[in-house]
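A closer look at the structure
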Amino acid sequence: MIEAGQTEHAEQLLQRLSAMFPDRLYAELQRHGLGREQRIEGVLVDLAHKNGIPLVATNETYFADAMMFEAHDALLCVAGGNYVTEGDRRQLTPEHRFKSADEMAMLFKDLPEAIKNTLVIAQRCAFMSPTRDPILPAFTSGADEADALRVQSRDGLEIRLERSVYSEGMDEARRAEVAGPYVEKLEFELGVIIEMGFAGYFLIVADFIRWAKERGIPVGPGRGSGAGSVVAWALTITDLDPLRFGLIFERFLNPERVSMPDFDIDFCQDRRDEVIEYVQNKYGHDRVAQIITFGTLQARAALRDVGRVLQLPYGLVDRICKMVPNNPANPVKLADAINNEPRLQHLRISEDGVDKLLDISMKLEGLYRHASTHAAGVVIGDRPLEELIPLYRDPRSDMPVTQFSMKYAEMSGLVKFDFLGLKTLTVIDRAQKLIALKGEEIDVSTIPLDDPLSYEMLQRAESIGVFQFESSGMRDLLREAIPNNIEDLIALVALYRPGPMENIPKYIACKHGREEPEHLHETIEPVVRDTYGVIIYQEQVMQIAQVFAGYT
């Protein structure tokens, strides 16, 4: 029973809270069959009636039905690092399931007002974050962002053309001819960007990239659809000439399919945090946050976690896990693995504990295992983020984190900026510094793309340490394909992924003249000429839609 002094203290606390939250304080009652609930309920009801505080009946819900109790108990052990056989640990009861309205009404039939008040609270608390258009912080104070973007882009393009397009001794007429396609594309892109309201986005990205480069922080040349933008190239967001490589701006930004632009920006892994800190200082620490992600239990992970808390032999669990196909691109469900693997079916019958392991693992598969932060995503708002979304504090980080995942953070108006950490940039930077100790300076941006010795090295598959060419499968592909120009390397990287991999034999056979390229129609031959008739790139798909079907 509760001691008299404890009752007096509880009453004082209730009175203080009631004064702080008039008409908003309720005395909560729960009936899960636990002894402590039964000990305090009578006292709590008396205090509530004495002080005019309404009652409310609740039920802590952790799982859908009693059939999930055992699986959820195992999940608690996974989270707490315990074994299910331990007694001194956090435990719930089968009553912590989701109960129907009728069940709750029957459970509290002696206190019907406590049930009625659940509806009152639900009506008071009902809230849905409104869907907003993208919200960006103001980049310039007072100045027009569209004008600022035009000035920076046009000035930047002239510098780019001087450095990498115009040749020495080129006369004015020839310079104008060469510059024409670039200027035309730049002006078209500026019109689209400004019309869609994304001028500020480009200025923000260009600003923190420029800041990083000025401080010697290695920044990647650009990848993804953003590399198709001449404006991005002019602003030094990317270092790839889109016209040189036939890249299409509309893959990145298209007024006929409105979506936020999204640059994938690589920074030196060791100094990426400096750039994020710059953004925090510029826009406000309360307006910049990382994005939450939720890790789910996949089949193999569920088996290993459950096997540990059930204290099954490690060797047995490992053997079972290896019978489940590992396909990260298209994860195999545990139930499908069991149906398709006779050895698993046999172990389920013959080995003690395996049936329980598989049953619990199937119930936990797909559930959230933990919360962490997005590897690269950062959102920047125009006001304290707490005014837009709920925030979470990651114990491993000083930055606030959104409680909404990326999809719902974007729906709330927040715009994602990717700050990717790439170790390859760090390696290149260290190599340059080590070479500089020998008295020689190397600018990686001026390294020629047609160096024959480099291609001979790659043809021998000596590519350990070369970004995206390190795996054994990719090295085998290098030996077979015998690349001899940058276009070959680009094609191999694009082909070596699930789906397009099916076209690798055809590509290599056509490249080496063993087969003739096949064209779906004569009008698309120019589009797929460089890839030997094989459709590899998204740009090719878009161009085929243009030339073959008359799309814009």
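Keep in mind the model is a prediction, meaning the values are calculated, not measured.

1. Quick look at the packing of aromatic side chains
- Applying the stated criterion across every chain, the model contains 16 aromatic pairs.
- Centre to centre, the rings of Phe 252 and Phe 263 are 4.7 Å apart; their planes meet at 40°, and the pair counts as tilted. Taken together, the residues Phe 252 in the loop between helix H9 (230-234) and strand S3 (264-268) and Phe 263 in the loop between H9 and S3 connect sequence positions 11 residues apart. The two residues Phe 252 and Phe 263 agree in class, both being buried.
- Ring centres 5.8 Å apart and planes at 20° place the aromatic pair Phe 267 and Phe 419 in the stacked group. Here the residue Phe 267 occupies a position in strand S3, and Phe 419 occupies one in strand S8 (residues 415-422), the gap between them amounting to 152 residues.
- Looking at Phe 267, the relative accessible area reads 0%, which means it is buried.

2. Things to note about helix H10 (residues 272-283)
- Helix length check: H10, at 12 residues, gives a terminal C-alpha distance of 17 Å against a target of 16 Å (1.5 Å per residue), a fit within 8%.
- Taken as a whole, H10 has its buried residues at Arg 272, Val 275, Ile 276, Tyr 278, Val 279, Gln 280 and Tyr 283.
- Along its buried surface, H10 packs onto helix H8 (199-214), S3, strand S4 (288-296), strand S5 (368-380) and S8.
- A positive backbone phi angle near 110° is found at Gly 284, which sits one or two residues after H10.

3. A look at the side chain of Glu 41
- Among the structural elements, Glu 41 can be located in helix H2 (residues 35-50).
- For Glu 41, a relative accessible area of 18% corresponds to the buried category.
- The residues contacting Glu 41, other than those within four sequence positions of it, are Leu 29, Gln 30 and Arg 31.

4. Points about a nonpolar patch on the surface
- A grouping of Ile 428, Ile 442, Val 444 and Ile 447 is seen on the molecular surface, where their side chains present a nonpolar patch of about 300 Å² in accessible area.
- By the secondary structure assignment, Ile 447 is in the loop between helix H17 (423-437) and helix H18 (452-459).
- A relative accessible area of 48% means that Ile 447 is categorised as partly exposed.

5. Thoughts on the pattern of salt bridges
- In this structure the tally under the stated criterion is 38 salt bridges.
- One salt bridge in this structure joins Asp 239 and Arg 160, with 2.6 Å as the shortest N-O distance. Note that Asp 239 is positioned in the loop between H9 and S3 and Arg 160 in helix H6 (residues 145-164), a separation of 79 residues in sequence.
- Between Asp 273 and Arg 272 there is a salt bridge whose closest N-O contact spans 3.5 Å.

6. Observations regarding the environment of Val 288
- Assignment of secondary structure puts Val 288 in strand S4.
- Remark: the alpha-carbon pair of Val 288 and Asp 23, spanning 265 residues in sequence, is separated by 36 Å.

7. Some remarks on the nonpolar core
- Of all hydrophobic cores here, the largest spans 55 residues; its most connected members are Phe 202 and Phe 208.
- At the level of elements, H6, helix H7 (172-195), H8, H9, S3, H10, S5 and S8 are the ones that each hand at least two residues to this core.
- Among the elements that take part in this core, H8 stands out by supplying 11 residues, more than any other.
- What Phe 208 contacts, discounting residues up to four positions off in sequence, is Ile 265, Phe 267, Val 275, Tyr 278, Val 279, Phe 417 and Phe 419.

8. Focus: unusual backbone geometry
- Notably, Thr 236 is not glycine yet its phi reads approximately 65°, a positive angle.
- With respect to the secondary-structure elements, Thr 236 resides in the loop between H9 and S3.
- Overall, the relative accessible area of 25% leaves Thr 236 in the partly exposed class.
- The residue Tyr 532 is not glycine, and still its phi comes out positive at about 60°.
- With respect to the helices and strands, Tyr 532 occurs in the loop between helix H22 (525-528) and helix H23 (538-549).
- The partly exposed category is assigned to Tyr 532, whose relative accessible area is 22%.

9. Regarding the state of the cysteines
- Summed over all chains, the structure comprises 0 disulfides.
- Residue Cys 77 stays outside any disulfide, its sulfur separated by 18 Å from that of Cys 321, the closest cysteine.

10. A look at the pairing of strand S1 (residues 27-30)
- The sheet contact formed by S1 and strand S2 (residues 55-58) spans 4 bridges and is parallel. In the sheet register, Ala 27 faces S2, and the bridge partner there is Leu 55.
- Following the backbone out of S1, through H2 and into the adjacent parallel S2, one traces a crossover that is right-handed.

Conventions adopted
Residues numbered from 1 in each chain as written. Predicted model: local features only at pLDDT ≥ 70, side-chain atom pairs only at ≥ 80, totals over all residues. Heavy atoms only, no water. Phe/Tyr/Trp six-rings, centres within 6.5 Å; stacked < 30°, edge-to-face > 60°. Helix = DSSP H or I, 4+ residues; strand = E, 2+ residues; numbered from the N terminus. Buried < 20%, exposed > 50% of the residue type's maximum accessible area, 1.4 Å probe, protein only. Expected span 1.5 Å × (residues − 1). Contact = heavy atoms within 4.5 Å. Patch = residues over 30% accessible without salt bridge, like charges linked within 9 Å, V, L, I, M, F, W, Y side chains within 5 Å. Areas by Shrake-Rupley, 256 points an atom, 1.4 Å probe, with all protein chains shown as cover. Salt bridge = Lys/Arg side-chain N within 4 Å of Asp/Glu carboxyl O. Core = buried A, V, L, I, M, F, W, Y, C linked by side-chain atoms within 4.5 Å. Disulfide = S-S within 2.5 Å. Pairing = 2+ DSSP bridges. Right-handed = clockwise from strand over helix to strand, strands pointing away.

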